[in-house]
Amino acid sequence: MRILSALSGAFFGLMAAVAATAQQAQPEVTLRFQHFVSPASANPTHFMQPWADAIEEQSAGRIKIEIYPFMQLGGSATDQYDLIRDGVIDGGWVIPGYQPGRFPEAEALELPFMTTKSAEEASRAAWLFTQQNLMDDFADVHLIAVHMHGRGLVHLRGAPIEVLSDFNGLRLRGPSRPATLLLERLGATPVGMPVPAFPEALSRGVVDGGVITWEQAPSLGFADLIESHTDVAGDQSLYNLYFLWAMNRGVYEALPPDLRAVIDANSGLMASAWAGRAHDTGDAEGRIAMEDAGNTIAEMSPALTAEIATLGEAVIADWIVEMEARGLDGAGLVDAARAAVALETGSAPGPYAD
């Protein structure tokens, strides 16, 4: 009986220890982040999930990050900023340009030929520009990172762009107001829409193509929907898009100081550059996928690129006037964006020159 009693005591002691260990292994905080694209696309694969894994590891499991693709927690891509601000979700991926006119100062980074084709370089510049110019705009959320994507291309259901008149009459998807302003200058009919709506619009013939990156091409089914992909010549991107990786400010501030420190260690310039590298990696993968699909890969001539850059400068000039009419220093914002890019790349953006 003594042996049985001892064995029983040991068994229950072991179970109590296991239960205590399991209890310790439970996260203190579970944060739900949301985005609007495929989990197989570049940013979720090469930034969001590795970032979440780093947070969990560095917090010794005390923070768990759950990432939901395709807006699975509700709302639409255009609502994402408000979902985070209002605490409907704890954090997520935001494209401010999906709400035209709400964050006008951020558009300076999205203007034609403003950034290089390196998403990492552009994202480092975006963090610097944000710290200097945009923190008041996003004061009601907690910014973890801001970033840009890589080179923006023209993707068409037909032949590639060879001369400026090839744009005439094309219905082209644009992701932001600066992009649609440029498309209009080029002679196309711009159709603003978030990325989740793009494949259906292509398949139904609502648009003839649009501007987006290489990295989104595989997850959007471009192997079947698109015939040609055309980039501009040179090192500067035709256009770019500004993103936030952010969380609810109240949720962040309610974390214990040591857990906030884990978030902070994976935020800022480092995280912004990391998110940019994710797009550069995805761009390389996306281009290979489209080549393997047999799609036409083209680059505009330097002469055509210079024509487009001249039209882009007209877009920038109009944008400056519009911002000043709204009481904003449009010229100063353009200068600040160019200075940030120059600091991170060693060269100042401007009109394309062969």
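Residues numbered from 1 in each chain as written. Predicted model: local features only at pLDDT ≥ 70, side-chain atom pairs only at ≥ 80, totals over all residues. Heavy atoms only, no water.

**Q** Break down the overall build of the chain for me, citing the residues and quoting the values.
**A** A count of helices and strands for the chain gives twelve helices and eleven strands. Its C-alpha atoms give the chain principal-axis dimensions of roughly 95 × 45 × 35 Å. Carbon and sulfur atoms make up 53% of the accessible area of the chain, which totals about 14400 Å². Of the side chains in the chain, 21 bear a positive and 45 a negative charge, and the two mean positions are spaced by 6 Å. (Helix = DSSP H or I, 4+ residues; strand = E, 2+ residues; numbered from the N terminus. Areas by Shrake-Rupley, 256 points an atom, 1.4 Å probe, with all protein chains shown as cover. Lys, Arg positive; Asp, Glu negative; His and termini not counted. Charge placed at Lys NZ, Arg CZ, Asp CG, Glu CD.)

**Q** Could you give me a rundown of the packing of aromatic side chains, with the residues and numbers involved?
**A** For the coordinates displayed, the defined rule picks out 13 aromatic pairs. Taken together, a centroid distance of 5.6 Å and an interplanar angle of 90 degrees make the contact between W51 and W245 edge-to-face. Of the two residues, W51 is situated in helix 2 (residues 42-58) and W245 in strand 10 (residues 242-248); the sequence distance between them amounts to 194 residues. For W51, a relative accessible area of 0% gives the class buried. Relative to F243, the ring of W93 lies with its centre 5.0 Å away and its plane at 15 degrees, an arrangement referred to as stacked. Taken together, the residues W93 in strand 3 (residues 91-94) and F243 in strand 10 connect sequence positions 150 residues apart. The class for W93 is buried, based on a relative accessible area of 2%. Ring-pair connections join several aromatic residues into one group, and the members of that group are F33, F47, W51, W245 and W274. (Phe/Tyr/Trp six-rings, centres within 6.5 Å; stacked < 30°, edge-to-face > 60°. Buried < 20%, exposed > 50% of the residue type's maximum accessible area, 1.4 Å probe, protein only.)

**Q** If you had to explain the side chain of D82 to someone new, which residues and values would you point to?
**A** Among the structural elements, D82 can be located in helix 3 (residues 80-85). A distance of 3.4 Å separates polar atoms of two side chains, one belonging to D82 and the other to R85. Once residues lying within four places of it in the same chain are set aside, the contact partners of D82 are Q99 and R102. (Polar contact = N/O pair within 3.5 Å; in protein donor to acceptor, adjacent residues only side chain to side chain. Contact = heavy atoms within 4.5 Å.)

**Q** Give me helix 10 (residues 269-292): which residues, what numbers.
**A** With 24 residues, helix 10 should cover 34 Å at 1.5 Å per step; its first-to-last C-alpha distance of 35 Å lies within 8% of that length. For helix 10, the set of buried residues is A271, S272, A273, W274, A275, G276, A278, H279, G282, D283, G286 and M290. Directly after helix 10, the chain includes G294, whose backbone phi takes a positive value near 85 degrees. (Expected span 1.5 Å × (residues − 1).)

**Q** Talk me through the sheet that holds strand 10; I want residue IDs and the actual numbers.
**A** The five strands are arranged 2-1-3-10-4 in an open sheet whose pairing can be described as mixed. Here the strands that pair on one side only, and so sit at the sheet edges, are strand 2 (63-68) and strand 4 (141-148). Between one strand axis and the next, the sheet turns by 20 degrees as a mean value, whatever way the strands run. As paired strands, strand 4 and strand 10 are joined by seven bridges and run antiparallel to one another. Pairing of H142 across the sheet is with M247, part of strand 10. Along the sheet, helix 2 contacts strand 1 (29-34), strand 2, strand 3, strand 4 and strand 10; its crossing angle with strand 2, the most-contacted strand, is approximately 160 degrees. Across the sheet, helix 10 lies against strand 3 and strand 4, angled at about 40 degrees from strand 4, the strand it touches most. (Pairing = 2+ DSSP bridges. Axes fitted to C-alpha atoms, helices over the stretch in contact; angles between N-to-C directions.)

**Q** Residues and numbers for the pairing of strand 7 (residues 189-192), please.
**A** Strand direction decides the pairing type here: strand 6 (residues 171-174) and strand 7, joined by four bridges, are parallel. The residue bridging R171 from the neighbouring strand is T189, located in strand 7. Regarding topology, helix 5 (residues 177-186) serves as the crossover connection from strand 6 to the parallel strand 7, and that connection is right-handed. (Right-handed = clockwise from strand over helix to strand, strands pointing away.)

**Q** I'd like a rundown of the confidence of the model for the chain, residues and numbers included.
**A** Overall, the prediction assigns the chain a mean pLDDT of 92, with 90% of residues at 70 or greater. Across residues 1-24, confidence stays below pLDDT 50; counting only partners more than four residues off in sequence or on other chains, it has zero contacts. (pLDDT = per-residue confidence, 0-100.)

**Q** Describe in detail the sheet that holds strand 8 (residues 209-212), supporting the description with residues and values.
**A** Taking strand neighbours across the sheet as the criterion, the six strands line up as 7-6-8-5-9-11 in an open arrangement whose pairing is mixed. The open sheet has two free edges, formed respectively by strand 7 and strand 11 (296-299), since each of these has just one partner strand. Strand-to-strand twist across the sheet, computed as the mean angle between neighbouring axes with direction ignored, equals 25 degrees.

**Q** Please give an account of the pairing of strand 1 that cites residues and values.
**A** One ladder, built from six bridges, connects strand 1 with strand 2; its direction is parallel. Bridge pairing links Q34 to Y68 in strand 2. Regarding topology, helix 2 serves as the crossover connection from strand 1 to the parallel strand 2, and that connection is right-handed. In this sheet, strand 3 lies alongside strand 1 in parallel orientation, the contact comprising two bridges. Counted as the bridge partner of Q34 is G92 from strand 3.

**Q** Mind laying out the pattern of salt bridges, listing which residues take part and the relevant values?
**A** Two side chains with opposite charge may pair up if their charged atoms get near one another. Scanning all chains against the criterion turns up 18 salt bridges. The salt bridge involving R151 is made with D231; its shortest N-O contact spans 2.9 Å. Highlighted residues: R151 in the loop between strand 4 and strand 5 (153-156) and D231 in strand 9 (residues 228-231), separated in sequence by 80 residues. For R151, a relative accessible area of 28% corresponds to the partly exposed category. Residue classification places D231 among the buried residues on the basis of a relative accessible area of 5%. Through salt bridges with shared partners, one network takes in D82, R85, D86 and R102. (Salt bridge = Lys/Arg side-chain N within 4 Å of Asp/Glu carboxyl O.)

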